[in-house]
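# Coordinate analysis (summary)
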Amino acid sequence: MSPPNYTYPAILQALEANGDMTMVDLVADLQASRSTIQHNLRRLQDEGKIHVCGWVAPRKQGLWAPVYTLGAGVSPKMPRQAKAEVRRRQLAWHKKKTLTNRLAANQGNVFATLIAQVA
């Protein structure tokens, strides 16, 4: 016999009490692990007890976070990032990687390290 699942009803109660919530909000509210919350959210969605009502944009980088609400409904698709934003992040990563490589190559020489940071 498997142990009782206390997270499943707790998610429903939290959504009923607080309204729409993301997975991060649920993790903080219920003091449970991300994997436990994610597993139960997937089960609740498959059973039609909750659905995604919107998406929250990432702060710096990463994927959009789904916002869950009670009840059955049609979940909107995750929005796509603008190509300019993706390109800006790629260039920032490349610039940081280039600086890291220059600093690693000139690690023993203090003056070369300073020049690499400026250039």
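Right above here is the structure, for reference.
All values reported here derive from a predicted model rather than from experimental measurement. (Residues numbered from 1 in each chain as written. Predicted model: local features only at pLDDT ≥ 70, side-chain atom pairs only at ≥ 80, totals over all residues. Heavy atoms only, no water.)

## Considering unusual backbone geometry
Not every positive phi belongs to a glycine, and Q31 is a case in point at roughly 55°. Position of Q31 among the secondary structure elements: in the loop between α2 (23-30) and α3 (34-46). (Helix = DSSP H or I, 4+ residues; strand = E, 2+ residues; numbered from the N terminus.)

## A closer look at the packing of helix α1 (residues 7-18) against α3
In contact at an axis separation of 9 Å, α1 and α3 are set at 75° when each is read in the N-to-C sense. By the criterion of interaxial angle, the relationship of α1 to α3 is roughly perpendicular. Taking contact as the criterion, the partners of T7, Y8, I11 and L12 in α1 are, on α3, T36, I37, N40, L41, R43 and L44. Along the lines of polarity and charge, the residues of the contact of α1 with α3 split into six nonpolar, three polar and one charged. (Axes fitted to C-alpha atoms, helices over the stretch in contact; angles between N-to-C directions. Parallel < 35°, antiparallel > 145°, perpendicular 65-115°, else oblique. Contact = heavy atoms within 4.5 Å. Nonpolar A, V, L, I, M, F, W, Y, C, P; charged D, E, K, R; others polar.)

## Some points on the nonpolar core
One recurring pattern in soluble globular proteins: nonpolar side chains tend to sit buried together. Counting residues in hydrophobic clusters, the biggest one holds 14 residues, and the most contacted among them are I11, L15, L26, I37, L41, I50 and Y68. Here the element with the most residues in this core is α1; it accounts for four residues. Ignoring anything within four residues of it in the chain, the contact list for L15 reads M21, I50, Y68 and L70. (Core = buried A, V, L, I, M, F, W, Y, C linked by side-chain atoms within 4.5 Å. Buried < 20%, exposed > 50% of the residue type's maximum accessible area, 1.4 Å probe, protein only.)

## A closer look at the pattern of salt bridges
Counted according to the given criterion, the structure contains one salt bridge. E47 is paired through a salt bridge with K49; the nearest N and O atoms lie 3.8 Å apart. By relative accessible area, E47 is classed as partly exposed at 43%. Overall, K49 belongs to the partly exposed group, its relative accessible area being 38%. (Salt bridge = Lys/Arg side-chain N within 4 Å of Asp/Glu carboxyl O.)

## Remarks on the environment of V86
By the secondary structure assignment, V86 is in helix α4 (residues 83-105). Residues V86 and Q61, spaced 25 residues apart in sequence, show a C-alpha to C-alpha distance of 9.4 Å.

## Looking at the side chain of T69
Its location among the elements puts T69 in strand β3 (residues 65-70). Owing to a relative accessible area of 17%, T69 belongs among the buried residues under this scheme. If sequence neighbours within four positions are ignored, T69 has contacts with D20, K49, I50, H51 and C53.

## Focus: the packing of α2 against α3
In a pair of packed helices, the angle between the axes and the distance between the axes together describe the arrangement. Running from N to C, α2 and α3 cross one another at 120°; their axes reach a closest spacing of 10 Å. Taken together, α2 and α3 sit at an angle that is classed as oblique. Pair α2 / α3 crosses with right-handed handedness. Counted together, M23, V24, L26, V27 and L30 of α2 and R34, I37, Q38 and L41 of α3 form the full contact between these two elements. Broken down by class, the residue content of the contact of α2 with α3 amounts to seven nonpolar, one polar and one charged. (Left-handed = near helix turned anticlockwise from the far one by under 90°.)

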